[in-house]
Amino acid sequence: MPTSPATPHAESTYCFEDPDWLATFFKNKPNHPAGTFFRYDTSGTYTLDVLVQRLTGKGFLEYLKEKALDKIGFSKNAWVVEAPEGYPWGGSGVMCTARDLARFALLVDRDGEFEGEQLLPADYLREAKKKQIDNDVYGYTTPLSGHGYGYQIWLNKDAFFSKGMLGQYIWVLPEYDVVMAATGNLNDDDAPTRLLWKHLVPVFESED
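A few points on the structure. (Residues numbered from 1 in each chain as written. Predicted model: local features only at pLDDT ≥ 70, side-chain atom pairs only at ≥ 80, totals over all residues. Heavy atoms only, no water.)

### Focus: the packing of aromatic side chains
Operational definition: Ring pairs are drawn from Phe, Tyr and Trp, using the six-membered ring of Trp, whenever the two centres fall within 6.5 Å, and their geometry is named by plane angle: stacked under 30 degrees, edge-to-face over 60, tilted for the rest. Relative accessible area decides the class of each residue, using a 1.4 Å probe on protein chains only: under 20% of the type maximum gives buried, over 50% gives exposed, and in between gives partly exposed.
The tally for this structure, following the rule as stated, stands at 18 aromatic pairs. Taking 4.7 Å as the distance between ring centres and 10° as the angle between the ring planes, the aromatic pair formed by Tyr169 and Trp171 counts as stacked. The same class applies to Tyr169 as to Trp171, namely buried. What links up through ring pairs into an aromatic cluster is the set Phe38, Tyr40, Tyr149, Trp154, Phe161 and Trp197.

This is the structure in structure tokens:
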């Protein structure tokens, strides 16, 4: 299963000047062999979104709602911004609430099980939360990098999390039985994770 940061591109390939975002992923010259180097590439996520729709005939959010999200109480009116071709822009355009994010994070933490029903494949989610590629982009570890990356999931020694543009987050700290979510519009969108590890994680550790 490909991961977004393991594509052959050093950055996202699509741009608003080119209306065929999917084509850019395949026609842009690779920077390195796929699967060998960490760079966050949202066009990889977008390509997966398109594959879901072409294979199922449904946008990925609609597909996930039917499979799992409706059952966990995800907002019925959640929606996805469309890319120029008309496909859902899953890499950046999901419109939902912080509570929706927290509900989904809890489902992932529980390996896809909800109230005794297996909604998503447990084996896949367990792999998604494991290190699949190094993500040491700074030469040293931070709360955000250096601990590895799974399938669309960032890893930390104490947690796993997802982060979106301008401060959209879910954090799961299984050791402390903690799930948190946040939405925002921040210039420094790494700040919430740094503050979490500076101020809250020490509290969790002291109460363990």
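### Some points on the pattern of salt bridges
Quick note on the threshold: A side-chain nitrogen of Lys or Arg and a carboxyl oxygen of Asp or Glu constitute a salt bridge if their distance falls within 4 Å. Working definition: helices are DSSP H or I runs of at least four residues, strands are E runs of at least two. Numbering for both runs from the N terminus.
Per the stated rule, a full pass over the model turns up 11 salt bridges. Between Glu66 and Lys58 there is a salt bridge; the shortest N-O distance is 2.5 Å. A relative accessible area of 26% places Lys58 in the partly exposed class. One salt bridge connects Lys71 with Glu117, and the closest N-O pair in it is separated by 2.9 Å. A residue pair is termed long-range when its members are at least 10 positions apart, and Lys71 in the loop between α3 (60–67) and β1 (79–80) and Glu117 in strand β4 (residues 117–118) qualify at 46 residues. Residue Glu117 is classed as partly exposed on the basis of its relative accessible area, which comes to 38%. Overlapping salt bridges bring together Asp111, Asp123, Arg126 and Lys129 as one network.

### Digging into the environment of Asn156
With respect to the helices and strands, the residue Asn156 is situated in strand β5 (residues 154–156). A sequence separation of 43 residues divides Asn156 from Glu113, and the C-alpha atoms of the two residues are 23 Å apart.

### What about the pairing of strand β7 (residues 168–173)?
Stated precisely, the cut-off is as follows: By definition, two strands form a pair when at least two bridges between them are found by DSSP.
Burial of β7 is extensive: 5 of the 6 residues sit out of reach of the surface. With 5 bridges connecting them, strand β6 (residues 159–164) and β7 associate as antiparallel partners. Opposite Phe161, over in β7, you have Trp171 as the bridge partner. Connecting β6 to the next strand, β7, in antiparallel fashion are 3 residues, including Leu166 with a positive phi near 70°. Both β7 and strand β8 (residues 178–182) contribute to a ladder of 5 bridges, which runs antiparallel. Of the residues in β8, the one forming a bridge with Tyr169 is Ala182. Between β7 and β8, which pair antiparallel one after the other, the connecting turn spans 4 residues, and Asp177 there sits at a positive phi close to 55°.

### A word on the nonpolar core
Our working rule: Buried residues of nine kinds, namely Ala, Val, Leu, Ile, Met, Phe, Trp, Tyr and Cys, make up a nonpolar core once their side-chain atoms join them within 4.5 Å. Whether two residues are in contact is decided by their heavy atoms: any pair within 4.5 Å suffices.
Membership of the largest hydrophobic core comes to 21 residues, with the highest contact counts inside it found for Leu61, Ile72, Phe74, Leu107, Ile153 and Phe160. Going through the elements one at a time, α3, α4 (98–109), α5 (122–128) and β7 are the ones with two or more residues in this core. Residue contributions to this core peak at 3 residues, all from α4. Phe160 has contacts with Val108, Asp109, Lys129, Ile153, Trp154, Leu155, Ile170, Trp171, Val172 and Pro174, leaving out every residue within four places of it along the chain. In terms of nonpolar packing, the next biggest core, distinct from the first, is built from 17 residues, Phe38, Ile133, Val178 and Trp197 among them.

Functional significance is not addressed by these values, which are geometric in nature.
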